[in-house]
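The primary structure of each chain is shown beneath.
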Amino acid sequence: MPLHFTGNPADRTPADWEPTTAWDMYDCENRGLLKMDYLGLKTLKVIDDTVACINFIKQYALKQKPDFDVDEIDRHDDKAWQLLAAGKLSGIFQVERTFVRNFAKRMNLMRKDPWSLAVLVAIIRPGMMDAGTTEMYLQRASGQEMATPLHPLLAETLKDTYGILCFQEDIMWAARDFAGFSMAKSDVLRKGIGKKIKSFIDKMYPEFETGALAKGATKEEIAHVWSLIEAHARYSFNNAHASAYGMILTYQTAYLKANWPLAYMTSLINSEAGVGNKEQGYNAKVAEYIEEARALGIKIRPPCVKKSGAMCRVEWFGENQKPLPDPTIRFGLFMVKKASESGVAWIMKHARHADSFKDFALRCFSTEEVAEKKAGVETGEKVWKCYSQVGKGDIEALIQAGAFDVFDTDREKLLAMTEPLLKFCAKYWEQTCKIKNGKKPRDLPEKVKAEIDSLTIEEHKIEHKGLEDRLQQERLFTGCYLSDSPFAPYYATIEQYKTCDVDEVQNNDYGGRGTFAAIVVVL
């Protein structure tokens, strides 16, 4: 694919031109070109945003020097390793899937050996999983099985990995020590494995077999070792890749979650905003991470037109800039489904200081002096016009999400009021513009304003559906339950019948059969 120039093409200079190619990687290499893969990782931005949040907290909330540097963290931090060893890995880079959490619990990570994290991210790749050596590694690493060499010729070669091929480099050393390959030829084999070219790997088997026979291996032993090498072609990690992922990114994210959970979970939740599908629903990962934040003791507050930012943010201060007893995460306005970026931007700049829902609606319009046009041609005159900056859909979505609860918690009433209210507000600004243009208004703005102030919705026209529907709508527009729990009407019944809590079951603190209440938040 050609490179994309982000500036004005007319402003290009010879220095801006870059040689590009539409060849695939194999054609490029066959013609002697150097091919490099650049991998973009969302986690890097999560870490960067977390560091910025930590330094903001240190400077403005804790009155400390904002000097946190994620590259200078303690590599043997107790909290980080306890979190890893316990398998509490939701939101931790590369290892948050359920089966990997179970692997982490079995790896004796409290030894605080960073190398074990490189191994953890390597053993979950399809190559080892398909060959069945992942389970073998876990058995040996936990002391449940004795570490025996794959073959006597490989006893020293694979001693650091309990006699198991974990990395692509292990295959190189094995080809050298088992089949007599030179390191150059071993690297050719590794390259074929790294690129997952089975036909290329198969061509090397006769030479591998000949070399291994010369070293005293039997054909059965050779076939077994080769089958394990071949399995790595279905995807395995090289040492450097696993180390960068496990020893750096996995550990850094675990450290941030364990030591700065408020900042890390805020950044993590923001990184998944707007992502979803029909099966999982809107903000699917956001819902999962919000539940994880709650499990860490962090309070999550619903969106608020007066307090929320565009995305989730740490709410450290309350009224009059007094520190809150329990700093929280405030849900972002732009994370609400169907709330437009332009509408949210206008709210944050012009409407968040409103003191009522009606005042807010009035602030959702702008008046501008623009060039007058007749039949599509500018006349040279200037006229005042009114424009809607926050649409009805924006407001209705934010109501359902709870963003207007600060004005009135009766969301059904606000929904019923939205359309007539916006019509009156548009009329108010239209009449105001007429006066500015020197024309006589149909109704004075003061009269329209009085109509806005007196606007009410008759109770029988408001359809109140109850807490359950309210929370379902809230979840539809935010992906999660924020203001209340669906359990609220059943607390008394739950207390009557439950015999244990979900936490007790999850932590294996409860033996035998039990009864508890739970809701499936994420499938």
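Above this text is the structure in question.
For clarity, every value in this text was computed on a predicted model and none was experimentally measured. (Residues numbered from 1 in each chain as written. Predicted model: local features only at pLDDT ≥ 70, side-chain atom pairs only at ≥ 80, totals over all residues. Heavy atoms only, no water.)

**A short note on the packing of helix 2 (residues 42-61) against helix 14 (residues 261-271)**
Thought 1: Here helix 2 crosses helix 14 at 140°, and the two axes come no closer than 8 Å. By the angle between their axes, helix 2 is oblique relative to helix 14. Crossing hand, helix 2 versus helix 14: right-handed. Contacts from Lys42, Val46, Asp49, Thr50, Cys53, Ile54 and Ile57 in helix 2 reach Ala263, Tyr264, Ser267, Leu268 and Ser271 in helix 14.
Thought 2: Of the residues belonging to the contact of helix 2 with helix 14, the class tally is 7 nonpolar, 3 polar and 2 charged. (Axes fitted to C-alpha atoms, helices over the stretch in contact; angles between N-to-C directions. Helix = DSSP H or I, 4+ residues; strand = E, 2+ residues; numbered from the N terminus. Parallel < 35°, antiparallel > 145°, perpendicular 65-115°, else oblique. Left-handed = near helix turned anticlockwise from the far one by under 90°. Contact = heavy atoms within 4.5 Å. Nonpolar A, V, L, I, M, F, W, Y, C, P; charged D, E, K, R; others polar.)

**Describing helix 4 (residues 98-105)**
Thought 1: Listed in full, the buried residues belonging to helix 4 are Val100, Phe103 and Ala104. When helix 4 is viewed along its axis, its buried side chains cluster within an angular range of 100° and face the same direction.
Thought 2: Looking at the buried positions of helix 4, the neighbouring elements they touch are helix 3 (78-85), helix 5 (114-123), helix 6 (126-131) and helix 7 (133-141). (Buried < 20%, exposed > 50% of the residue type's maximum accessible area, 1.4 Å probe, protein only. Arc of directions from axis to C-beta.)

**Structural notes on the packing of aromatic side chains**
Thought 1: What the rule picks out here adds up to 18 aromatic pairs.
Thought 2: Look at Phe99 and Phe103: their rings are 5.4 Å apart centre to centre, the planes differ by 80°, and that puts the pair in the edge-to-face class. On the criterion of helical spacing, the pair formed by Phe99 and Phe103 is a turn pair, its members being 4 residues apart in helix 4.
Thought 3: Its relative accessible area of 30% is what places Phe99 among the partly exposed residues. (Phe/Tyr/Trp six-rings, centres within 6.5 Å; stacked < 30°, edge-to-face > 60°.)

**Quick notes on the pattern of salt bridges**
Thought 1: Taken as a whole and judged by the stated rule, the model has 32 salt bridges.
Thought 2: In this structure, Glu288 and Lys285 form a salt bridge, with 3.0 Å as the shortest nitrogen-oxygen distance. Linking Glu288 with Lys285, this pair stays in helix 15 (residues 284-295), spanning 3 residues, or about one helical turn.
Thought 3: On the basis of relative accessible area, Lys285 is assigned to the partly exposed category, the value being 24%.
Thought 4: The partner of Asp443 in a salt bridge is Lys427, with the nearest N and O atoms 2.9 Å apart. Here Lys427 lies in helix 19 (residues 411-436) and Asp443 lies in the loop between helix 19 and helix 20 (445-454), a separation of 16 residues in the sequence. (Salt bridge = Lys/Arg side-chain N within 4 Å of Asp/Glu carboxyl O.)

**Side note on the nonpolar core**
Thought 1: With 106 residues, the main nonpolar core has Ile123, Phe331, Phe360, Ile395 and Phe404 as its most contacted residues.
Thought 2: Aside from chain neighbours lying at most four places away, what touches Phe404 is Val305, Phe357, Phe360, Ile395, Leu398, Ile399 and Leu414.
Thought 3: Counting residues in each nonpolar core, the second largest holds 22 residues, with Leu165, Ile171, Phe181 and Phe208 among its members. (Core = buried A, V, L, I, M, F, W, Y, C linked by side-chain atoms within 4.5 Å.)

**Here's the deal with a positive patch on the surface**
Thought 1: A contiguous patch of positive charge on the surface is contributed by Lys374, Lys434, Lys439 and Arg442.
Thought 2: By the element assignment, Arg442 lies in the loop between helix 19 and helix 20. (Patch = residues over 30% accessible without salt bridge, like charges linked within 9 Å, V, L, I, M, F, W, Y side chains within 5 Å. Areas by Shrake-Rupley, 256 points an atom, 1.4 Å probe, with all protein chains shown as cover. Lys, Arg positive; Asp, Glu negative; His and termini not counted. Charge placed at Lys NZ, Arg CZ, Asp CG, Glu CD.)

**Topic: the side chain of Gln400**
Thought 1: You can see Gln400 is positioned in helix 18 (residues 392-401).
Thought 2: The exposure class assigned to Gln400 is buried, which follows from its relative accessible area of 16%.
Thought 3: If sequence neighbours within four positions are ignored, Gln400 has contacts with Arg411, Leu415, Gln473, Glu474 and Phe477.

**With respect to unusual backbone geometry**
Thought 1: Of note, Lys112 is a non-glycine position whose phi angle comes to about 60°, a positive value.
Thought 2: By the secondary structure assignment, Lys112 is in the loop between helix 4 and helix 5.
Thought 3: Note on Lys112: relative accessible area 18%, which makes it buried.
Thought 4: Positioned with a positive phi, Tyr162 is a non-glycine residue whose angle comes to about 60°.

**Brief notes about the environment of Leu154**
Thought 1: With respect to the secondary-structure elements, Leu154 resides in the loop between helix 7 and helix 8 (168-179).
Thought 2: Distance in space between the C-alpha atoms of Leu154 and Trp173 is 8.6 Å, their sequence separation being 19 residues.
Thought 3: Setting aside chain neighbours within four positions, we find Leu154 in contact with Ala174, Asp177 and Phe178.

**Section: the pairing of strand 5 (residues 377-388)**
Thought 1: As judged from the 9 bridges shared by strand 4 (residues 365-374) and strand 5, these two strands associate in the antiparallel manner. Following the sheet pairing, Val370 is matched in strand 5 by Val383.
Thought 2: Where strand 4 folds back onto strand 5 in an antiparallel hairpin, the turn is made up of 2 residues, including Ala375, whose phi is positive at roughly 55°. (Pairing = 2+ DSSP bridges.)

**Some remarks on the sheet that holds strand 2 (residues 313-317)**
Thought 1: Across the sheet, which stays open at both edges, the 3 strands sit in the order 1-3-2 with mixed pairing between neighbours. Each edge of the open sheet carries a strand with a single partner, namely strand 1 (299-301) and strand 2. Geometrically, the sheet is characterised by an average inter-axis angle of 40° between neighbouring strands, direction not taken into account.
Thought 2: Taken together, the 3 bridges between strand 1 and strand 3 (residues 323-330) define a ladder with parallel strand orientation. Looking at strand 3, one finds that Ile300 is bridged to Ile329.
Thought 3: Contacts between helix 14 and the sheet are confined to strand 2 and strand 3, with strand 3 contributing the most and set at about 20° to the helix.

**Let's talk about helix 20**
Thought 1: Looking only at helix 20, the buried set comprises Pro445, Val448 and Ile452. Relative to the axis of helix 20, the buried residues are bounded by an arc of 60° and lie together on one face. Turned more than 90 degrees off the buried face of helix 20, the exposed positions are Glu446 and Ser454.
Thought 2: Of the surrounding secondary structure, the elements contacted by the buried residues of helix 20 are helix 17 (357-362) and helix 19.

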